[in-house]
Amino acid sequence: MADTETVETVAETVAEAVNGTAKVPATPEGMMVAYGSLVIMALIPIFLGSFRSVDSQKEQKENHEKTGERPETMTQKDAMMFPIIASCALFGLYIFFQIFSKDYINLLLSFYFLVLGIFALSHMMSPVILKLVPSAVPVIPFHLKFTQGEGETKESVLDYQFTTHDLVCLGLCSVVGVWYILKKHWLANDLLGMAFAVNGVELLHLNNVVTGCILLGGLFFYDIFWVFGTDVMVTVAKSFEAPIKLVFPQDLLENGLNATNFAMLGLGDIVIPGIFIALLLRYDLSLKRNSNFYFYATFIAYLAGLLLTIFIMHVYKHAQPALLYLVPACLGVPLFLALVRGDIKTMFQYEDHPDLDAEKKKDK
């Protein structure tokens, strides 16, 4: 059996050499550039998304006051169920990749993420692009509205307002989407991936710290089990061709933009700690101390955890569950500092939308 595997491995190596598809071994310089770039690309969505989440929270409050519509936040029950749902989805993808051709699955998922990615990129880039649209382009408003039912039972399903400038932004972002779907270039992948990450941190809100602790604690064990306990996570990550991970070539210095040997970081390792760090920024602002102490402390803790992940992965030459290092850093540091500074009680009492619990009790 071992001899057969050796022969097959040699045959594959020869075939790769003939076809020019063999990966170029990473040099120390190339690895430093790749991992350094991944760290920067991980920090940017958390930083931008956290500050954008503050505006998003204000919009939710204003909308709630005007329409009575409940803000969309993750509840403690949602946080408890999330690792279970994520495990089912991950294992389901693994089974699909074992049964069906991954080319067909990736083709279907690529178009799905293409549409989502274009809208995510448009949402992320709109503040910049809209300022650059020439004044010669007229601002024509549009209102897209779908309703269901009649009379008193009539309710809005979709109510979206946009302008011609928004369409220009969407068109420009579509270029990146088409580039990705045609070439699967790593730069296009990273642009869409970072858009998903920024939007995730901005729009996925934890209502309080307890919910965040439950979510991060559950995903801590989820990540360890699926990476160390099975080959499921690594198999899906390598087979899944969609912008759900950030990649950067380790052979960029040798092959330029056509490099093929990639280091990768899953978006979950950015978004999950990111939404907790964003919550701490909103908590900082609620204290009205003109200091984002807990946000910056946890942001630095996340950086340290990510660097430790990369170091351990480099030393042991094995895929690592990043949340194994990120969760203790992102939970331990702010809770310890809050305990030392006497803020632990107010931290656990803080809620983005404190009136939601009162409304739920009334409904009951």
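Check the entry above for the structure.
Keep in mind it's a predicted model, so treat the numbers as computed, not measured.

Colleague: I'm lost on the overall build of the protein in this one. Help?
Modeller: In terms of regular secondary structure, the protein is built from 14 helices and four strands. Taking 364 residues into account, the globule formula puts the C-alpha radius of gyration at 21 Å, and the protein, at 23 Å, falls close to it. If one aligns the C-alpha atoms of the protein with their principal axes, the spans along those axes are about 70 × 55 × 40 Å. Here the protein, with 364 residues, has 42% of them falling under the buried criterion. Long-range contacts, defined as pairs at least 24 residues apart, comprise 75% of the intrachain contacts of the protein with a sequence gap of at least 6. Summed over all atoms, the accessible surface of the protein reaches about 20,400 Å², with 66% contributed by carbon and sulfur. With 25 positive and 35 negative side-chain charges, the protein shows a spacing of 7 Å between the two charge centroids.

Colleague: Teacher, can you tell me more about the pairing of strand β3 (residues 245-249) here?
Modeller: Each regular strand displays side chains that alternate between the two surfaces of the sheet. Of all the five residues making up β3, five are buried; the element is thus mostly covered by neighbouring parts of the structure. Across the two faces of β3 the burial is the same, with Lys245, Val247 and Pro249 and Leu246 and Phe248 all buried.

Colleague: Can you walk me through the environment of leucine 192 in this structure?
Modeller: By the secondary structure assignment, leucine 192 is in helix α6 (residues 186-203). Using a relative accessible area of 0% as the deciding quantity, one classes leucine 192 as buried. Separated by 50 residues in the primary sequence, leucine 192 and alanine 242 have C-alpha atoms spaced 9.4 Å apart. Leave out the neighbours within four places in its chain, and leucine 192 touches Gly117, Ile118, Leu121, Val176, Tyr180 and Pro243.

Colleague: Quick question: what am I supposed to make of a negative patch on the surface here?
Modeller: On the surface, Asp55, Glu59, Glu62 and Glu65 cluster together into a negatively charged patch. Among the secondary structure elements, glutamate 62 is positioned in helix α2 (residues 28-67). For glutamate 62, a relative accessible area of 46% puts it in the partly exposed group.

Colleague: How should I be thinking about the nonpolar core in this particular structure?
Modeller: Among soluble globular proteins, nonpolar side chains are generally buried collectively. Leu38, Leu215, Leu216, Ile270, Phe276 and Tyr302 are the most contacted members of the largest nonpolar core, which has 84 residues in total. In this structure isoleucine 270 touches Ala42, Pro45, Ile46, Ala197, Leu246, Leu265 and Tyr302, once residues within four positions along its chain are discounted.

Colleague: Help me out: how do you make sense of the packing of aromatic side chains in this one?
Modeller: For the structure on display, the rule yields 21 aromatic pairs. Judged by centre distance (6.0 Å) and plane angle (85°), the ring pair of phenylalanine 113 and phenylalanine 196 falls under edge-to-face. With phenylalanine 113 in helix α4 (residues 102-132) and phenylalanine 196 in helix α6, the pair connects residues that are 83 residues apart, well separated along the chain. For phenylalanine 113, a relative accessible area of 15% translates into the label buried. Classification of phenylalanine 196 by relative accessible area gives buried; the value is 19%. Ring geometry for tyrosine 283 versus tyrosine 350: centroids 5.8 Å apart, planes at 65°, classification edge-to-face. Taken as a pair, tyrosine 283 in helix α10 (residues 268-287) and tyrosine 350 in the loop between α13 (344-349) and α14 (355-363) lie far apart in primary sequence, 67 residues in all. Accessibility classification places tyrosine 283 together with tyrosine 350 in one group, the buried group. Ring pairs connect the aromatic residues Phe47, Phe51, Phe295, Tyr296 and Phe299, which therefore count as one cluster. A cation sits over an aromatic face here: arginine 341 above phenylalanine 293, 3.9 Å from the ring centre.

Colleague: It is not clear to me how the pattern of salt bridges should be interpreted in this structure. Could you clarify?
Modeller: Pairs can form between side chains of opposite charge once their charged atoms are near each other. The full count for this structure, using the stated rule, is five salt bridges. For glutamate 241, the salt bridge goes to lysine 184, with nearest N and O atoms at 3.7 Å. Residue glutamate 241 is found in the loop between α8 (232-239) and β3, and its partner lysine 184 is found in the loop between α5 (164-183) and α6; the two are separated by 57 residues along the sequence. For arginine 282, the salt bridge goes to aspartate 352, with nearest N and O atoms at 2.7 Å. Of this pair, arginine 282 sits in helix α10 while aspartate 352 sits in the loop between α13 and α14, placing them 70 residues apart in sequence. There is no split in this pair, since arginine 282 and aspartate 352 are both buried.

Colleague: Could you clarify how one ought to interpret unusual backbone geometry in this entry?
Modeller: Peptide bonds are trans in most cases, and residues, glycine excluded, mostly fall at negative phi. Here the phi dihedral of lysine 184 falls at roughly 50°; this positive angle occurs in a residue that is not glycine. Taking relative accessible area as the criterion, lysine 184 reaches 33% and is therefore assigned partly exposed. Positive phi, normally seen in glycine, also occurs at lysine 317, with a value near 55°. With respect to the helices and strands, lysine 317 occurs in the loop between α11 (293-316) and α12 (323-341). What makes lysine 317 exposed here is its relative accessible area of 64%.

Colleague: Would you take a moment to explain the state of the cysteines for this structure?
Modeller: Structurally, a disulfide amounts to a covalent bond that connects the sulfur atoms of two cysteines. Per the stated rule, a full pass over the model turns up zero disulfides. The thiol sulfur of cysteine 169 is not disulfide-bonded, and the nearest other cysteine sulfur, from cysteine 173, lies at 4.3 Å.

Basis of the calculations
- Residues numbered from 1 in each chain as written.
- Predicted model: local features only at pLDDT ≥ 70, side-chain atom pairs only at ≥ 80, totals over all residues.
- Heavy atoms only, no water.
- Helix = DSSP H or I, 4+ residues; strand = E, 2+ residues; numbered from the N terminus.
- Rg over C-alpha atoms; globule rule 2.2 N^0.38 Å.
- Buried < 20%, exposed > 50% of the residue type's maximum accessible area, 1.4 Å probe, protein only.
- Contact = heavy atoms within 4.5 Å.
- Areas by Shrake-Rupley, 256 points an atom, 1.4 Å probe, with all protein chains shown as cover.
- Lys, Arg positive; Asp, Glu negative; His and termini not counted.
- Charge placed at Lys NZ, Arg CZ, Asp CG, Glu CD.
- Patch = residues over 30% accessible without salt bridge, like charges linked within 9 Å, V, L, I, M, F, W, Y side chains within 5 Å.
- Salt bridge = Lys/Arg side-chain N within 4 Å of Asp/Glu carboxyl O.
- Core = buried A, V, L, I, M, F, W, Y, C linked by side-chain atoms within 4.5 Å.
- Phe/Tyr/Trp six-rings, centres within 6.5 Å; stacked < 30°, edge-to-face > 60°.
- Lys NZ or Arg CZ within 6 Å of the ring centre and 35° of its normal.
- Disulfide = S-S within 2.5 Å.

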